[in-house]
Amino acid sequence: PHSSNITQQHSEHNATTCTEISIGDEISRHTMYVTIFVTVPFQILNILDHGMQIQRWPLPILLGCTIGHCLGSIIGPVVAWSSYYLKNVEKKAQ
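Residues numbered from 1 in each chain as written. Predicted model: local features only at pLDDT ≥ 70, side-chain atom pairs only at ≥ 80, totals over all residues. Heavy atoms only, no water.

**Student:** Teacher, can you tell me more about the overall build of the chain here?
**Tutor:** In terms of helices and strands, the chain carries 3 helices and 0 strands. In the chain, the succession of α and β elements from N to C terminus is α-α-α. Within the chain, the proportion of its 94 residues that are buried is 16%. In the chain, the proportion of contacts linking residues at least 24 apart, taken out of those at least 6 apart, comes to 67%. On the chain, roughly 7,400 Å² of surface is accessible, and the fraction owed to carbon and sulfur atoms is 68%. (Helix = DSSP H or I, 4+ residues; strand = E, 2+ residues; numbered from the N terminus. Buried < 20%, exposed > 50% of the residue type's maximum accessible area, 1.4 Å probe, protein only. Contact = heavy atoms within 4.5 Å. Areas by Shrake-Rupley, 256 points an atom, 1.4 Å probe, with all protein chains shown as cover.)

**Student:** Looking at this model, I keep getting lost on the side chain of Thr 31. Mind explaining?
**Tutor:** Take Thr 31: it is sitting in helix H2 (residues 23–47). Apart from residues no more than four positions distant in its own chain, Thr 31 is found in contact with His 69, Gly 72, Ser 73 and Gly 76.

**Student:** How should I be thinking about the pattern of salt bridges in this particular structure?
**Tutor:** As a working rule, side chains carrying opposite charge can pair if their charged atoms are close by. One pass over the structure, following the stated rule, counts 2 salt bridges. As a salt-bridge pair, Arg 29 and Glu 26 come within 3.6 Å of each other at their nearest N and O atoms. One end of the pair is Arg 29 and the other is Glu 26, both in helix H2 and 3 residues apart, which spans about a single turn. The exposure class assigned to Glu 26 is buried, which follows from its relative accessible area of 7%. Among the ionic pairs, Lys 87 bridges to Glu 26, the shortest N-O distance being 3.6 Å. Linking Lys 87 in helix H3 (residues 58–93) with Glu 26 in helix H2, this pair joins segments that are 61 residues apart in sequence. Each of the salt bridges in this network shares a partner with another, and the network as a whole consists of Glu 26, Arg 29 and Lys 87. (Salt bridge = Lys/Arg side-chain N within 4 Å of Asp/Glu carboxyl O.)

**Student:** Would you mind going over the environment of Tyr 84 with me for this structure?
**Tutor:** Mapped onto the elements, Tyr 84 comes out in helix H3. Remark: the alpha-carbon pair of Tyr 84 and Ser 22, spanning 62 residues in sequence, is separated by 9.2 Å.

**Student:** When you look at the packing of aromatic side chains in this model, what are you seeing that I'm missing?
**Tutor:** Throughout the structure, instances matching the rule amount to 1 aromatic pair. An angle of 90° between the planes, with centres 5.7 Å apart, marks the rings of Trp 81 and Tyr 84 as edge-to-face. Of the two residues, Trp 81 and Tyr 84 both sit in helix H3, 3 residues apart, roughly one turn of that helix. Taking relative accessible area as the criterion, Trp 81 reaches 48% and is therefore assigned partly exposed. Here Tyr 84 falls in the partly exposed class, since its relative accessible area comes to 38%. (Phe/Tyr/Trp six-rings, centres within 6.5 Å; stacked < 30°, edge-to-face > 60°.)

Written out as structure tokens, the structure is:
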């Protein structure tokens, strides 16, 4: 009986921590999505290579990742904080 109570408490604790996503996780997730979303068009530049120096192999991918990460670092916190704020407003309204 005692061990099942500990197991039940542990599983309840895991269930609550798995459903809660921290702000840092949301920011990282949005940064990753924007980085991937911006890198893809830069890789298309690599496919449509016309012999320009800016389109040589590592540059489009590096530029896409760098610009995507910079944009994601700006967009990620804005989206994460706005969703966090909206969730708290909804909880207070209930």
